[in-house]
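Spelled out from the first residue to the last, the chains are:
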Amino acid sequence: MEWIRCGAAAAGVERQLGCVRQRTEVISIAFLRRLLGLNHPEVTVDPEEVVAPSQPMPIAPSPIASVACPNCGVALDPPPDHTRRCPSCRRQIVVRHFEGRAIYLTEEAVEVFEAERQHEIDEQRWARERGTWLQLAQRAGAPADRRARLAAAALTAVSVAASRDLYLAAAERAARAARRDKRWDEMAQIRRRQAAALHEEAGAHLPPSDEIVALYREGVAATLRKLAQVSRDAELVGAACCQACRADNEHIFRIADELRTPRLPHAGCPRGLCTCDWWPTLTSAAKKPRRRRAPASPRTADDVAPVGDVGADADSGSLRS
Ligand SMILES: [Zn+2]
Ligand SMILES: [Zn+2]
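Basis of the calculations
- Residues numbered from 1 in each chain as written.
- Chains lettered and ligands numbered in written order.
- Predicted model: local features only at pLDDT ≥ 70, side-chain atom pairs only at ≥ 80, totals over all residues.
- Heavy atoms only, no water.
- Helix = DSSP H or I, 4+ residues; strand = E, 2+ residues; numbered from the N terminus.
- Core = buried A, V, L, I, M, F, W, Y, C linked by side-chain atoms within 4.5 Å.
- Buried < 20%, exposed > 50% of the residue type's maximum accessible area, 1.4 Å probe, protein only.
- Contact = heavy atoms within 4.5 Å.
- Donors = N, O, S within 2.8 Å, 3.2 Å for Na, K, Ca; no water.
- Tetrahedral: all angles 85-135°; square planar, octahedral: opposite > 155°, others 65-115°.
- pLDDT = per-residue confidence, 0-100.

1. What about the environment of leucine 282?
Right, on to step 1. Structurally, the position occupied by leucine 282 is in the loop between strand S8 (277–280) and helix H10 (288–292).
Right, on to step 2. When the C-alpha positions of leucine 282 and alanine 234 are compared, they lie 9.0 Å apart, and in sequence the two are 48 residues distant.

Put into structure tokens, the structure is as follows:
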């Protein structure tokens, strides 16, 4: 069993290198990757250092497989299923389970193993986060060469942070250009997406930070400015997520009022940034009053006044009739 002998080899490598900790970890991590069958293309390893098994590890040791003590190499039959002392050398055999496989380690190798396992977890998270930021950066129009450079960089927390910065800078630039040219739809999309990304990054904790709410509201305001080109009023299309969002559904509000004191995102919405949106008021007024009465909530009584006002202000005035 080649891979069992590797356990002793790793411990040996560690002992030899002693206090040269950085180097110890590099070698041991490369070793553990192979021990665990976790070969990653981005990790380059000196072939000299590879003490790895050529065969992938068995999912679980079969009854006839001889497991050896990583300290002294004596065969252990049956293999230990938990950490215990070797019956021969009396030194500790540490049993760890990783992705359904049992691994037998010397006490000296455990710390390296745990560090490697944490590193694996970190790398997976970094890959996910960097991918997300770079995708957002692409949509925000960040230069392709800078995105490519970051995508090819070593996978570290630093490259994740740089990808985030690249996205935020591109979003800022795109939002400023959209505002200048009054491309309100684009502006709304940029800011809402940015708010959603930062909210998610912050763990979607409630309530969202002031900075995130401000970005979201810039997006909402852009939508309202677009609607203001054709009407003084806008209809709130409420999301179905909660009472606060449902209560305002299909209610009509003055755009000027909403720009001054935005009601979105709805306070108390469990999503933090609700997906409620503003639509143009429709002129087919005949059935709207009936629909507007549908959501039964304490707000409805308060909302009657602004809805009633709409007729006087609307372009068609048809709501009055
Ligand atoms: Zn809402
Ligand atoms: Zn809601």
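2. A word on the nonpolar core
Right, on to step 1. Grouped together as the largest cluster of nonpolar side chains are 45 residues, with contacts concentrated most on Tyr167, Leu264 and Trp278.
Right, on to step 2. The leading source of residues in this core is helix H5 (residues 157–180), at 9 residues.
Right, on to step 3. Aside from chain neighbours lying at most four places away, what touches tyrosine 167 is Trp133, Leu136, Ala137, Ala140, Arg193 and Gln194.
Right, on to step 4. Membership of the second largest hydrophobic core comes to 8 residues, among which are Cys69, Leu76, Ala102 and Tyr104.

3. Points about the coordination of the zinc ion (ligand 1)
Right, on to step 1. Coordination of the zinc ion (ligand 1) by the protein involves Cys245 (SG), His266 (ND1), Cys274 (SG) and Cys276 (SG), with metal-donor separations of 2.1 to 2.3 Å.
Right, on to step 2. Bound by 4 donor atoms, the zinc ion (ligand 1) shows angles of 101 to 116° at the metal and therefore tetrahedral coordination geometry.
Right, on to step 3. Coordination of the zinc ion (ligand 1) draws on donor residues from a single chain, spaced C-x20-H-x7-C-x1-C in sequence.
Right, on to step 4. The metal-metal distance between the zinc ion (ligand 1) and the zinc ion (ligand 2) is 4.4 Å, with cysteine 245 coordinating both. One end of the pair, histidine 266, is in the loop between helix H9 (255–260) and S8; the other, cysteine 276, is in the loop between H9 and S8, and 10 residues separate them in sequence. Of the two residues examined, histidine 266 and cysteine 276, each falls in the buried class.

4. Thoughts on the confidence of the model for the chain
Right, on to step 1. When pLDDT is averaged across the chain, the result is 77; 68% of the residues are at 70 or more.
Right, on to step 2. In this model, residues 39–58 is a region of pLDDT below 50 whose contacts with residues beyond four sequence positions or in other chains number 28 contacts.
Right, on to step 3. Here residues 60–64 is modelled with pLDDT under 50, and outside its nearest four sequence neighbours on either side it reaches 3 contacts, counting other chains as well.

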